[in-house]
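A look at the structure
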2 protein chains.
Amino acid sequence: MEFKSQKLNNGLVVIGELNTSAKSAAVGFFVRTGSRDETGLISGVSHFLEHMLFKGTEKLSALEVNEAFDRTGAQYNAFTSEENTVYYAAVLPEYLEEVTGLWINLMRPALRDEDFNIEKNVIKEEIAMYKDLPSFDVMERCRTLYFDGHPCGNSVLGSDHSIDNLTAEQMRDYFARRYAPNNMVLAFAGDVDWERICSLMTESCGWWQQKTVERQLAHYDGSRRQERVGKANLNREHICLMSAGVSAQDPRRFAASLLGMVVGDDVGSRFFWELVDKAVAESASMQFGAMDGTGAFSSYIRCSSENVTRVLDIVGVVLDELVQNGITKEELQTAKNKLLSALVIKNELPMGRLVDLGFNWTYLNEYFTTEDEVNAIKAVTVDDVQSLIERFDPRNFTQFCLGPARDNQ
Amino acid sequence: MEFKSQKLNNGLVVIGELNTSAKSAAVGFFVRTGSRDETGLISGVSHFLEHMLFKGTEKLSALEVNEAFDRTGAQYNAFTSEENTVYYAAVLPEYLEEVTGLWINLMRPALRDEDFNIEKNVIKEEIAMYKDLPSFDVMERCRTLYFDGHPCGNSVLGSDHSIDNLTAEQMRDYFARRYAPNNMVLAFAGDVDWERICSLMTESCGWWQQKTVERQLAHYDGSRRQERVGKANLNREHICLMSAGVSAQDPRRFAASLLGMVVGDDVGSRFFWELVDKAVAESASMQFGAMDGTGAFSSYIRCSSENVTRVLDIVGVVLDELVQNGITKEELQTAKNKLLSALVIKNELPMGRLVDLGFNWTYLNEYFTTEDEVNAIKAVTVDDVQSLIERFDPRNFTQFCLGPARDNQ
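What you see is a predicted model; the values in this text were computed from it and never measured.

Examining unusual backbone geometry
Phi at N365(A) takes a positive value of approximately 50°, unusual for a residue other than glycine. If you trace the backbone, N365(A) turns up in the loop between α13 (350-364) and α14 (370-378). We note that A279(B) has phi near 60°; this positive angle belongs to a residue other than glycine. Structurally, the position occupied by A279(B) is in the loop between α10 (270-276) and β9 (283-290).

Laid out in structure tokens, this is it:
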């Protein structure tokens, strides 16, 4: 295992963790842009743009892009979040250069008006589909309520209204501002021919123009507001709670992940034993999510309407108990075992490893081996978790409920 | 990478592919039993039994099983098919022995009446849930029509009726007949301490009693029947076509998988270009499935009711063209690239590797390295595929349609 990095004059960084014993290779462009970098006027543009990259370049039609990926046998895709747009592929080593060349081409897309207008409908169908998933809808609404104007509360998909009004010109402008070489990382993992990749990158990306790219990075502790929305077609109450946590840059992020698991892992957590195992709720989980400059714990609970008060009472008792007595050594050890096995197993695949590599560089400009992360997790103590609970009281949550419409609604 | 195997006096085989550079380890029990080994009277018992194993042993309650897995941090689960019941876990190497010991204990379950009666409802909910998925329902109904009395057409989940009538005594009897040590393989992959595992197995499984276990293995070429069922709540037509193929023991299975991809891979296949890209169908795929002693190609197509005739006409043209002219070199190469990258990437993880190891032993009593399989795929020629098409004419299909109820239904 060997780590390599190189930086072009235009600021584009390429990093690679070379593993000669790997049987596959993975490549990814990590663009530091997402819904938090949008204004209301262009809400949803980052995600829409991600779709548009697959529509081709001046020289390649959408059909040719499709066929080109297909020929290599690559497993490829992309995703957009509040703060990242990631394009990735896993492939046999002999096709890595070809797939990388293809991604490089796609990073300078044509953004044709015609494709833009057709794709609008696909985006609106995706918005409609997610609106129909109450577990997704409640999390997004709670995030917006929690961030209360802070850009991290912006919707990734945007709304029908914002997408209807978005123009191809606005997208091209956003693209020009955000897809600057100094705002992206090109990462590799697995069986990679580093010299070839570096010369390919220098030849193909050297002409990309550096820009000044900004992002608002203020930490935010949450609005602590409470809201409920009723929907005629729902049978269950969906509850989301959010409270403040540390950022992706903060060394306490490992303790925060462990705390999330102790309280709300799918199985064997406090929420599991108090809510799910006792059949008060059908589902109850808590997860910590680290972001650029800020972070939050999010809980999702689904139950019958009759049980809402009881569920919230129990959540209150669980959190009071947590603040008063912290967590036990045994709980911490179990959470470590679960987090470590998930981490190690994911990172055994070049494709899984790529995600950690890319995000560590995006957020921290640093390289950590899997071993470094394992050691950081192993080093977390019960006291570390306790100080975290003291600094970020989980009872100060923002609450959003989505459930059956009531008579007065 | 080193392959090891050992056989106890009672016939239990343990195999392992030891990889000292792996960071995790995987373990699995592959029990050679499934719905094809059931009679109508006990339809669904294999799958129900899989659920019951998690309810514990004479010494362990369901709660204790849950906690014991949780402590190790293992990612674990089980699944049941027409011919296999597989229990598996991926874990950090230091917990492999603990998790293996737990699985060994669970292989001799208590099968308590009380747990059996409670779990019945869970099984019936699962049946209801899958009945609501037309893509699943149509495949299962088509399989039953295709096999027309051959046991491979038996339903994995069973029916409300068969589950209602099933007794705990019948399950215990089925368990005693099928979970014999000589009817299962215990497989390991990744970072495994082989000596410790072998002594654990000898100590803990040596007392299991060998039995005579049978299975009907006749090949079957399909009924070629056609049927349609209308359902009031459906808006789309779901079409399943099945035609004969080779068995899991047949060296032509690689050619068959490649043929399935050329005709019906999700993207870039003949079905994709003729049906999906032209917007005649919303989804169209073909897959080859190898089974014990037999095998079949299954296609699934979803379209609007108005397009059914056109879809079936196009399918006819695609298959005629296939029989007349076979496939091209370029198509074969693209299919190989896709199959190879999927295989290699999956097998890079001990958990993915375990599945191939276990099934190769179950079906063939043989060990193949990933390299062996890669070479077998690379060696397939256009002529190999052509002879396969000649022997198994894909136009001789069984057809099941599930769609909106018509006025006369």
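That was the structure; now back to the text.
Remarks on the sheet that holds strand β6 (residues 184-190) of chain B
All names here are of chain B. A sheet is described by the order of its strands in space; here 6 strands give the open sequence β1-β2-β6-β3-β5-β4, paired in mixed fashion. Each end of this open sheet is capped by a strand with a single partner; those strands are β1 (2-7) and β4 (75-80). Ignoring which end each strand starts from, the neighbouring axes of this sheet average 10° apart.

Describing the relation of the copies chain B and chain A
Here chain B sits on chain A after a turn of 180° about the axis and a move of 0.0 Å along it, with an RMSD of 0.0 Å. With respect to symmetry, the two chain copies, as superposed, fit the operation of a two-fold axis. Looking at the rotation axis and the C-alpha trace of chain B, the residue lying nearest is L349(B), at 3.2 Å. Looking at chain B, 100% of its interface residues are interface residues in chain A too, so the copies touch through the same face.

Focus on the interface of chain B and chain A
It is common to report an interface's size as the accessible area lost on association of the parts. Between chain B and chain A, the contact holds 33 residues from the first and 33 residues from the second. Overall, the association of chain B and chain A removes approximately 2,800 Å² of surface from exposure, summing both partners, and the carbon and sulfur fraction of that is 60%. The three residues of chain B that bury the most area against chain A are D70(B), I345(B) and E348(B), which together make up 22% of that side's buried surface. At the surface where chain B touches chain A, the tally comes to 2 salt bridges. Among the ionic pairs, D70(A) bridges to K338(B), the shortest N-O distance being 2.9 Å.

Quick look at the sheet that holds strand β1 (residues 2-7) of chain A
All names here are of chain A. Sheet architecture is open: 6 strands sit in the order β1-β2-β6-β3-β5-β4, paired in mixed fashion. The outermost strands of the open sheet, each flanked by one partner alone, are β1 and β4 (75-80). In this sheet, neighbouring strand axes are inclined to one another by 10° on average, regardless of whether the strands run parallel or antiparallel. Where β4 and strand β5 (residues 85-91) come together, 6 bridges link them in antiparallel fashion. Residue Y76 lies in a different strand from β5, and its bridge partner there is A89.

Here is what the cut-offs are and how they apply
Within any chain, residue numbers begin from 1 and follow the written order of that chain's sequence. Chain labels run from A onward and ligand labels from 1 onward, assigned in the order the entries are written. Reporting of local features is limited, given that this is a predicted model, to residues whose pLDDT is at least 70; pairs of side-chain atoms are given and counted only at 80 or more, and all residues count toward the totals for whole chains, interfaces and linings. As a rule here, side-chain values come from all non-hydrogen atoms in the structure, and water together with hydrogens is ignored. The helix and strand labels rest on DSSP assignments: H or I over at least four residues marks a helix, E over at least two residues marks a strand, and numbering proceeds from the N terminus. By definition, two strands form a pair when at least two bridges between them are found by DSSP. Fitting a line to C-alpha atoms yields each axis, with helices limited to the stretch in contact; the angle taken between N-to-C directions then spans 0 to 180 degrees. C-alpha atoms of residues with pLDDT of at least 70 in both copies form the basis for the least-squares superposition of the copies. Note on contacts: a residue pair is in contact if any heavy atoms of the two residues lie within 4.5 Å. When two components associate, each loses some accessible surface as probed by a 1.4 Å sphere; the sum of these losses over both components is called the buried area. Only one rule defines a salt bridge in this text: a Lys or Arg side-chain nitrogen within 4 Å of an Asp or Glu carboxyl oxygen.

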